[in-house]
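Examining the three-dimensional arrangement
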Amino acid sequence: MGNPTDHLWLHFTRMSSYRDAPVPTIVRGDGAYVWDSEGRRLLDGLAGLFVVNAGHGRTELAEAAAKQASELAYFPLWSYAHPTAIELAERIAALAPGDLNRVFFTTGGSEAVESAWKLARAYFKRIGKPTKHKVVSRDIAYHGTTMGALAITGLPGIKADFEPLVPGGIKVPNTNFYRAPEHGDDPVAFGRWAADEIGRAIEREGPETVAAVFLEPVQNAGGCFPPPPGYFERVREICDAYDVLLVSDEVICSWGRLGEYFGAQRYGYQPDIITTAKALTSGYSPLGAMIASDRLIEPFLHGTESFGHGITFGGHPVSCAVALANLEIFAREELTGRVRTNESAFRGSLEKLYDLPIVGDIRGDGYFYGIELVKDKATRESFDDAESERLLRGFLSGALFAAGLYCRADDRGDPVIQLAPPLIAGQAEFDEIEQILRAVLSEAWQRL
Ligand code: PLP
């Protein structure tokens, strides 16, 4: 028999790592746990990839998929509708904040981001502002891999191979307060500064050229940067002042991750568009969506006008049926409320790790945390590239897995461990996460 990776091309993966070593192969899931092909149980500390919010092994979601596939496996949303898409769009519109009433389905997050940028451009063309086409987004932020979404992404390392990119992607600072020593301990001043940087970028580029600002409620890449107090309020003011659309990229931050259906609700701001995907179905079938305001669809509602954009599998009937069943579980088990009730316990369990010399910063909200690792706690000195390579790739990922915790050790910004367990997790799982991290991080420190 050949090697499992002879034909399977893994995403964002150094394939050479698995030429002579076995690729971890996950075969089954139940609740907050998954099992690999060797029968080893792992706590799923990342809900797959911020996806399995309702937890693994939900047969009712599998049954919803089977029922829909038997009844109507597929029909497009191109000039036709099907009942599950109609019902789901209505449901999402009811849950989404304010007048975000128009749901354009995709198959995933990159396509939702891509759709939002296309809508922003087409909308401004329709209303007589055709030069508004650029987008502002933040350093280190990840917004997907398709060419448009990649241009919005702020990670130089994953862009270089694919240049030249779609022009018009403008970068501004993110809200990494831990790495903003000039703002001391004043998060309000820092938030004001970071938001005003968006205004300054729009001024620099020319407001007549800027269509949208793409921001996550909590920025994932770099290790969970929550918004400082007042940040989104100020961003909203800036967007209104320059007639620039505020796109809340909630591919991770919606569906309970932050204790509300949408991250914008958690921080009390009103976007013009929300992009979502991942946990909309808890991963039992792929689905994404762009949720737009009434104002944005308006120019497309008349005469011969249409939004010239579509995706064959966007709003797939099976995925929509699964999403409806998933949202039933959310309502029945009050998963968003569960996160609000438990989030301080989660934070408390993680914060116990502050006694380790390698733990510099623990940040996040809801069930979404990043732990930044440092070489020197007092100076906040980070690891250099070689150390980071040895620490994250050479040791941590494998050691955490071997100790029974699936999570992510990432160095796209400074080295961080990211945690986002299924929303059904509770104190027992928080304790297990803390204990495994304690043991593995202590060993990492010894090895350094
Ligand atoms: N936007 C954000 C904020 C994301 O976190 C992701 C994926 O992690 C994407 C977009 C891209 O989503 P997908 O991988 O479903 O294309």
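Residues numbered from 1 in each chain as written. Predicted model: local features only at pLDDT ≥ 70, side-chain atom pairs only at ≥ 80, totals over all residues. Heavy atoms only, no water.

Describing the nonpolar core
- Counting residues in each nonpolar core, the largest one holds 67 residues, and the members touching the most others are Phe105, Ile371, Leu396, Ile417 and Leu437.
- It is helix α10 (residues 317-332) that contributes the most residues to this core, 9 residues altogether.
- Counting contributing residues per domain, this core is built from domain 1 (4-46 + 334-447) and domain 2 (61-333), each supplying no fewer than three.
- If near-sequence neighbours (up to four positions away) are discounted, Phe105 is found in contact with Leu77, Ala85, Leu88, Ala89, Ile92, Leu287, Gly288, Ala289, Gly314, Gly315 and Cys320. (Core = buried A, V, L, I, M, F, W, Y, C linked by side-chain atoms within 4.5 Å. Buried < 20%, exposed > 50% of the residue type's maximum accessible area, 1.4 Å probe, protein only. Helix = DSSP H or I, 4+ residues; strand = E, 2+ residues; numbered from the N terminus. Domains from an automatic or database assignment. Contact = heavy atoms within 4.5 Å.)

Details of the environment of Gly108
- Tracing the sequence through the fold places Gly108 in the loop between β4 (100-106) and α4 (109-126).
- Using a relative accessible area of 17% as the deciding quantity, one classes Gly108 as buried.
- Sequence separation between Gly108 and Ala277 is 169 residues, and the spatial gap between their C-alpha atoms is 5.2 Å.
- Filtering out sequence-adjacent residues up to four positions away, Gly108 remains in contact with Thr276, Ala277, Leu287 and Gly288.

Some words on the sheet that holds strand β8 (residues 245-249)
- The strand order across the open sheet built from 7 strands is β4-β10-β9-β8-β7-β5-β6, with neighbouring strands paired in mixed fashion. Unpaired on one side and paired on the other, β4 and β6 (169-172) mark the two borders of the sheet. On average, each strand axis in the sheet is inclined to that of its neighbour by 25°, with strand direction left out of account.
- Relative to strand β7 (residues 210-215), strand β5 (residues 134-138) runs parallel, the two sharing 3 bridges. If you follow Val135 over to β7, its bridge partner there is Ala212. (Pairing = 2+ DSSP bridges. Axes fitted to C-alpha atoms, helices over the stretch in contact; angles between N-to-C directions.)

Let's talk about the site of the ligand
- Around the ligand, the neighbouring residues are Gly108, Gly109, Ser110, Tyr142, His143, Gly144, Glu216, Asp249, Val251, Ile252 and Lys278.
- Residue Gly109 places a main-chain N or O atom 2.8 Å away from an oxygen atom belonging to the ligand.
- Lys278 places a side-chain nitrogen or oxygen 3.0 Å from an oxygen atom of the ligand.
- When the free accessible area of the ligand is taken as 390 Å², the share hidden by the protein chains comes to 82%.
- In terms of residue class, the shell around the ligand is built from 3 nonpolar, 5 polar and 3 charged. (Near = heavy atom within 4 Å. Polar contact = N/O pair within 3.5 Å; in protein donor to acceptor, adjacent residues only side chain to side chain. Areas by Shrake-Rupley, 256 points an atom, 1.4 Å probe, with all protein chains shown as cover. Nonpolar A, V, L, I, M, F, W, Y, C, P; charged D, E, K, R; others polar.)

Some words on the domain arrangement of the chain
- The domain architecture assigned to the chain consists of domain 1 (4-46 + 334-447) and domain 2 (61-333).
- Counting residues at the interface gives 30 residues for domain 1 and 32 residues for domain 2.
- Note on domain 1 versus domain 2: buried area summed over both sides is about 2600 Å², and carbon and sulfur give 55% of it.
- The largest contributions to the domain 1 side of the interface with domain 2 come from Phe368, Arg380 and Arg412, which together make up 26% of the buried area.
- The salt bridge involving Asp414 is made with Arg179; its shortest N-O contact spans 3.3 Å.
- Where domain 1 touches domain 2, the interface holds 19 residue pairs in polar contact (both at pLDDT 80 or more).
- Residue assignment for the side of domain 1 that touches domain 2 shows that the elements contributing at least two residues are α11 (335-351), β11 (359-365), β12 (368-373) and β15 (416-419). (Buried area = accessible area lost by both parts, 1.4 Å probe. Salt bridge = Lys/Arg side-chain N within 4 Å of Asp/Glu carboxyl O.)

Considerations on the pattern of salt bridges
- Going through the model one piece at a time under the given rule, you end up with 35 salt bridges.
- Notably, a salt bridge pairs Arg126 with Glu305, separated by 2.5 Å at the nearest N-O pair. You can see Arg126 sitting in helix α4 and its partner Glu305 sitting in the loop between α9 (294-297) and α10, a full 179 residues away along the chain.
- For Arg126, a relative accessible area of 33% translates into the label partly exposed.

With respect to unusual backbone geometry
- Of note, the bond from Glu163 into Pro164 is cis; its omega dihedral lies within 30 degrees of zero at 0°.
- Structurally, Pro164 is set in the loop between α5 (147-152) and β6.
- One non-glycine residue, Ser79, adopts positive backbone phi at about 70°.
- Assignment of secondary structure puts Ser79 in the loop between α2 (59-71) and α3 (83-95).
- On the basis of relative accessible area, Ser79 is assigned to the exposed category, the value being 77%.
- With phi around 45°, Glu334 is a residue other than glycine that occupies positive phi space.
- Position of Glu334 among the secondary structure elements: in the loop between α10 and α11.

Section: the sheet that holds β15
- Ordered in space as β11-β12-β15-β14, the 4 strands form an open sheet in which the pairing is antiparallel. The strands lining the two open edges of the sheet, one partner per strand, are β11 and β14 (408-410). If you compare each strand with its neighbour and ignore which way they point, the axes differ by 20° on average.
- Bridge analysis of β14 against β15 gives 3 bridges, and the strand direction is antiparallel. The residue bridging Ala409 from the neighbouring strand is Ile417, located in β15.
- Set on the sheet, helix α13 (residues 427-447) makes contact with β11, β12 and β15; between it and β15 the angle comes to about 165°.

As for the pairing of β15
- Here β15 shows a buried face lined by Val416 and Gln418 and a second buried face lined by Ile417 and Leu419.
- Where β12 and β15 come together, 4 bridges link them in antiparallel fashion. Bridge pairing in β15 links Ile371 to Ile417.
- Between β14 and β15, which follow one another and run antiparallel, lie 5 residues.

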